[in-house]
Amino acid sequence: MEKRAKSVEQAIELALNELGITRDMADIEIISEGSKGFLGIGAKDAVVNVTKKPVEKKPVQKKTETKKKAKKPAPKPEEENPAPRKKSGLSPEAEANKFLNGVFGAMGLEVEVQAELGEDNTMNISLTGDNMGIIIGKRGDTLDSLQYLTSLVVNQCSEDYIKVTLDTSEHYREKRTQTLKELARNKAARVARTGKKFTLEPMNPYERRIIHANLQDNEEVTTYSVGQEPYRKVVIAPKNRRPYHSGANGAKRNGYKSGYSKPRHSAEEHEEHEEQSEEITAQKKGSYTTTYKADFKPQQHKAQYASFEDYLAAQENKDM
């Protein structure tokens, strides 16, 4: 349908209203956008051609058979074969020496490497050199990393698993173990004495196991780990916490505020204290001077008494 109007939008609206459809249901072709001319002279209308979109017919679905086809069992996934181990032709000791010498050479360090493989598939590697502090690292972190990497290299070329232990010729790991055991005993004694838990510095899993194993039979404390790697720590806590009762205004245990202790007196001292209190009370009761001096008013008693002494004598005669 072709429509004319002063503007394109007006022409489109006229065509849509006449066809009785919405904009999304129509194909719109703009033939001429028109022009306003000059002072209304030479103006031309906009021309559009609007047609209704053809309706797409949905394909009729065929009725499915009533009989259900038997489901075929899903094929079992093929078992993944483990990655083949590399065969370098070198012994595990030679592989460890080659790897570590390459690492130390890249670090610019001169280190002697001695690797020995035992009958129980345990490889002990000893390192000797001048700059062992760099190789050990903070709390043995660098040494642990080298041990882990060496274990990967050695077991990549071995059919059986080999446990690798990397240490210095000064037996750093043995000394560190003794230090951790002593630390565990000292902190456990402190926790048992104070009744308050103590958190150790972050440790690797190997060192945390030493703390746990050393205190697992302790009857006064228990241990557990908190946090995430590499900041996981061991906490030493008392097994049986002593009961703690607090009262109002900061009263603690014995009912007294923190910083004060309950006064303790023997029976004789208590009786003596009461006798002294009674004597003081009696003396206060028998003293008329303080009492009557407060009651004496010169303005009221001037006509009767010449002085306070006369007033006092008169009051004492009344009491008798």
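Peer 1: Before we move on, could you go through the overall build of the protein chain and cite the residues and values that matter?
Peer 2: Secondary structure summary: the protein chain contains 10 helices and 11 strands in total. For the protein chain, with 320 residues in total, the buried portion stands at 24%.

Peer 1: Before we move on, could you go through the pattern of salt bridges and cite the residues and values that matter?
Peer 2: Scanning all chains against the criterion turns up 5 salt bridges. Where Glu 201 meets Arg 176, a salt bridge forms, and the shortest distance between an N and an O atom there is 3.8 Å. Within this pair, whereas Glu 201 is found in the loop between strand 7 (198-199) and helix 6 (205-215), its partner Arg 176 is found in helix 5 (residues 172-194), the two being separated by 25 residues in sequence. With its nearest N and O atoms 2.6 Å apart, the salt bridge here joins Glu 229 to Arg 208. Highlighted residues: Glu 229 in the loop between strand 8 (221-226) and strand 9 (233-238) and Arg 208 in helix 6, separated in sequence by 21 residues. Here the salt bridges share partners, and the residues they tie into one network are Arg 139, Arg 176, Glu 201 and Glu 207.

Peer 1: Can you explain the sheet that holds strand 8? Please cite residues and give values.
Peer 2: The antiparallel open sheet is built from 3 strands, whose spatial order is 7-9-8. Edge positions in the sheet fall to strand 7 and strand 8, since each of these pairs with one other strand and no more. Direction of pairing for strand 7 relative to strand 9: antiparallel, over a ladder of 2 bridges. Counterpart to Thr 199 in the pairing with strand 9 is Val 235.

Peer 1: Run through helix 4 (residues 141-156), naming residues and quoting values.
Peer 2: Here helix 4 contains 16 residues, and its C-alpha end-to-end distance of 23 Å stays within 8% of the 22 Å for a straight helix at 1.5 Å per residue. Every buried residue of helix 4 is accounted for by Leu 143, Leu 146, Thr 150, Ser 151, Val 154 and Asn 155. Projected down its long axis, helix 4 shows its buried positions confined to an angular sector of 150°, all on one face. Its buried side turned inward, helix 4 meets helix 2 (92-107), strand 5 (122-129), helix 3 (132-136), strand 6 (163-168) and helix 5.

Peer 1: Let's hear about the sheet that holds strand 1 (residues 2-5): which residues, and what values?
Peer 2: One open sheet accounts for 3 strands, arranged 1-3-2; its pairing is antiparallel. Each of the sheet's edge strands pairs with one partner strand only, and the pair in question is strand 1 and strand 2 (26-32). Neighbour-to-neighbour, the strand axes of this sheet turn through a mean angle of 25°, independent of strand direction. In the sheet, strand 1 pairs with strand 3 (residues 46-52) via 4 bridges, with the strands oriented antiparallel. What sits directly across from Glu 2, in strand 3, is Asn 49. Those strands touched by helix 1 (residues 8-19) are strand 1, strand 2 and strand 3, and its axis lies near 135° from that of strand 1.

Peer 1: So what about the packing of helix 2 against helix 4? Which residues, and what values?
Peer 2: At a minimum axis separation of 9 Å, helix 2 and helix 4 run at an interaxial angle of 135°. Judged on the interaxial angle alone, helix 4 and helix 2 are oblique. For the pair helix 2 and helix 4, the sense of crossing is right-handed. Between helix 2 and helix 4, the residues in contact are Pro 92, Glu 95, Ala 96, Phe 99, Leu 100, Val 103 and Phe 104 and Leu 146, Leu 149, Thr 150, Val 153 and Val 154, respectively. The residue makeup of the contact of helix 2 with helix 4, split by class, is 10 nonpolar, 1 polar and 1 charged.

Peer 1: Break down the nonpolar core for me, citing the residues and quoting the values.
Peer 2: Ranked by internal contacts, the top residues of the largest apolar core, which has 20 residues, are Phe 104, Met 123, Ile 125, Leu 127 and Ile 135. Contributing elements (two or more residues each) for this core: helix 2, strand 4 (111-117), strand 5, helix 3, helix 4 and strand 6. Ignoring any residue separated from it by four or fewer positions in sequence, one finds Met 123 in contact with Pro 92, Glu 93, Ala 96, Ala 115, Glu 116, Leu 117, Val 154, Ile 162, Lys 163, Val 164 and Thr 165.

Peer 1: Which residues make up the packing of helix 5 against helix 6, and what values do they have?
Peer 2: Viewed as axis vectors pointing N to C, helix 5 and helix 6 meet at an angle of 50°, and their least axial separation amounts to 9 Å. Comparing their axes, helix 6 and helix 5 come out oblique. Relative to helix 6, the crossing made by helix 5 is right-handed. Between helix 5, through Arg 176, Thr 177, Leu 180, Lys 181, Ala 184, Arg 185 and Ala 188, and helix 6, the contact on the second element is made entirely by Tyr 206, Glu 207, Ile 210, Ile 211, Asn 214 and Leu 215. Among the residues forming the contact of helix 5 with helix 6, the class breakdown is 7 nonpolar, 2 polar and 4 charged.

Conventions adopted
- Going along each chain's sequence as written, the residues are numbered from 1 onward.
- In view of the model being predicted, local features appear only for residues whose pLDDT reaches at least 70, and side-chain atom pairs are presented and counted only at 80 or more, with totals across whole chains, interfaces and linings using the full set of residues.
- No hydrogens and no water enter the side-chain calculation; it runs on all heavy atoms of the structure.
- Comment: elements are numbered from the N terminus, with helices defined as DSSP H or I runs of at least four residues and strands as E runs of at least two.
- Exposed residues in this analysis have more than 50% of their type's maximum accessible area, buried residues have under 20%, and partly exposed residues fall in between, with area computed by a 1.4 Å probe over protein chains only.
- Salt bridge, as used here, is a side-chain nitrogen of Lys or Arg placed within 4 Å of a carboxyl oxygen of Asp or Glu.
- Two strands qualify as a pair provided DSSP detects at least 2 bridges between them.
- A helix is expected to span 1.5 Å multiplied by its residue count minus one.
- The directions from the helix axis to the C-beta atoms form the arc being described.
- We call two residues in contact when some of their heavy atoms are within 4.5 Å.
- To get an axis, a line is fitted to the C-alpha atoms, and for a helix only the part in contact is used. The angle between two axes follows their N-to-C directions and goes from 0 to 180 degrees.
- When an angle is under 35 degrees it counts as roughly parallel; over 145 it counts as roughly antiparallel; between 65 and 115 it counts as roughly perpendicular; any other value is oblique.
- Crossings are sorted by hand: turned counterclockwise from the far helix by less than a right angle, the near helix makes the crossing left-handed, and turned clockwise it makes it right-handed.
- Charged means Asp, Glu, Lys or Arg here, nonpolar means Ala, Val, Leu, Ile, Met, Phe, Trp, Tyr, Cys or Pro, and polar covers whatever is left, Gly included.
- Buried Ala, Val, Leu, Ile, Met, Phe, Trp, Tyr and Cys residues that are joined via side-chain atoms within 4.5 Å together make up what is termed a nonpolar core.

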